[in-house]
Amino acid sequence: MKSEMESNGNFCIRQTAEYFFMKVSLETDRPMSIPIAMMKMHILKALGSLYGQVGQSIDVSIIKYEEASHRMILRIPASGFNRVWSALSLCSSLGTVPCVFRIHQVSGSLLGLSANSRDYDFHEAS
Amino acid sequence: MAAFCDLNVLREENPQHLKTKLSMLTKLGYENFAVNYVVEDIQGKAKGSKKSKEKVLIKCHQNHFQQSSSKCQNVRQFSRFTAVLNDSLQGRRLHQDPEIQKYDLVAVQPTGKQFFDLACKELSVDIISLDLTQSLDFHFTRQPINVAIEKGIHFEICYSPLVMDSASRKKVLANSLALIRVCKGKNIIISSGCQKALELRGPYDVANIALLTGLTEAQTKQCLSRNCHQVLMHAAARKSEKGLLSVFPKESFMKGQTWKLGYVREIKKDVLEEIEPNDGEPPAKKKKKRK
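The sections below set out a description of the structure shown in this document. As the structure is a prediction and not an experimental result, all values here were calculated from the model. (Residues numbered from 1 in each chain as written. Chains lettered and ligands numbered in written order. Predicted model: local features only at pLDDT ≥ 70, side-chain atom pairs only at ≥ 80, totals over all residues. Heavy atoms only, no water.)

## A closer look at the sheet that holds strand β3 (residues 76–85) of chain B
Residue and element names in this part refer to chain B. Strand order in the open sheet made by the seven strands is β1-β2-β3-β4-β5-β6-β7, with parallel pairing throughout. Strands with a single pairing partner mark the edges of an open sheet, and in this sheet they are β1 (4–10) and β7 (188–191). Strand-to-strand twist in this sheet, taken as the mean axis angle between neighbours without regard to direction, amounts to 30°. The pairing of strand β4 (residues 105–110) with strand β5 (residues 127–129) spans two bridges and is parallel. In the sheet register, valine 108 faces β5, and the bridge partner there is isoleucine 128. This element, helix α9 (residues 166–183), spans β6 (154–158) and β7 of the sheet and lies at about 160° to β6. Packed onto the sheet, helix α11 (residues 217–224) meets β1 and β7 and runs at close to 65° relative to β7. (Pairing = 2+ DSSP bridges. Helix = DSSP H or I, 4+ residues; strand = E, 2+ residues; numbered from the N terminus. Axes fitted to C-alpha atoms, helices over the stretch in contact; angles between N-to-C directions. Contact = heavy atoms within 4.5 Å.)

## Brief notes about the pattern of salt bridges
The final tally for this structure, using the stated rule, is four salt bridges over all chains. With a shortest N-O distance of 3.6 Å, arginine 102 of chain A and glutamate 27 of chain A are connected by a salt bridge. Here arginine 102 of chain A, found in strand β7 (residues 97–107), pairs with glutamate 27 of chain A, found in strand β3 (residues 19–28); they are 75 residues apart in sequence, far enough to count as distant. What makes arginine 102 of chain A buried here is its relative accessible area of 6%. One salt bridge connects arginine 80 of chain B with glutamate 156 of chain B, and the closest N-O pair in it is separated by 2.8 Å. Within this pair, whereas arginine 80 of chain B is found in strand β3, its partner glutamate 156 of chain B is found in strand β6, the two being separated by 76 residues in sequence. Residue class for arginine 80 of chain B comes out buried when judged on its relative accessible area of 0%. (Salt bridge = Lys/Arg side-chain N within 4 Å of Asp/Glu carboxyl O. Buried < 20%, exposed > 50% of the residue type's maximum accessible area, 1.4 Å probe, protein only.)

On their own, these measurements won't tell you what the molecule is for.
Below you can see the structure in the form of structure tokens.
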């Protein structure tokens, strides 16, 4: 990946992103405890139900997981990004429990997930 | 113009259920939504206890306003009437019934080829909403759809059956692929039509799901925002028949637009002089004098 420091101090990467990062949380209608391995399995199941074996071959990895709130950060190869996104948003149940994957943020770099310009409230910050 | 709309929020008997849906919608970032009232048989159900129920809706909406933060200041709620078309006489009733015309949006759900053609060509409605979960017994043809597009009628795709189960997912995807192929991605709106709040998805998720139906990325966004605005404008134009007049407060003019106010002042002077004919002269002469 080609990257360079520009004269004004900005760091920029001039290439299409290799990986996309996604901040996701799982909402269920009743409290559940889901360990990280189970979560990975559910994601793969959701992928499999919409795209079959080709979908399951996409290399999705959970790079951070908060078990209490079911929030996680996923790393997805750019080629399969749209497929993972649509599989997650079309997933409506874990076994018999109704659930929904809420996609909060999507970014080409991990740093992009640190702040959210959509929710940012200028009045509160000042 | 990226205000997202959901023009199909099914009305619930229990206002609390509706309220949870609406609050979920605002949380997800939708700004305009239409509460949908579906009627199978117009004559039987159109009249009656409808008015009182509408009031309940508006009330809970206002309550919701007070709780919410500054984020949903621009939220607007509309009412929508959907009639299931299985009788060609019903189309005429749609036009004539003043109760139905009170709704902001009027939609029809045709159940067969002849009713689909009728809705496209003859009825003045805003939305044609087909039930895509069943296999349709006709093929979409260019000609009636082109007429509908020219008239500004939009076709609706509901995404809640996509979320629900895989059997209806296949049907909806196949039908909407066929529809989009014929109308070339024009005049399509995507809305929820869901039963539970858990079935709602965020606007960007929905745009991503719509990629499956063969739309381009720009078109999917337009299906959720621009096309929905066009539906709302079409509805407003349908009601007024001939044209639109919008009134702004004087303060809302931008800096570059204040020249318009100059004209307003001149017109006002003329109008005042016409209203107060002090010395009996016709107003046309007065104008000449001033020049």
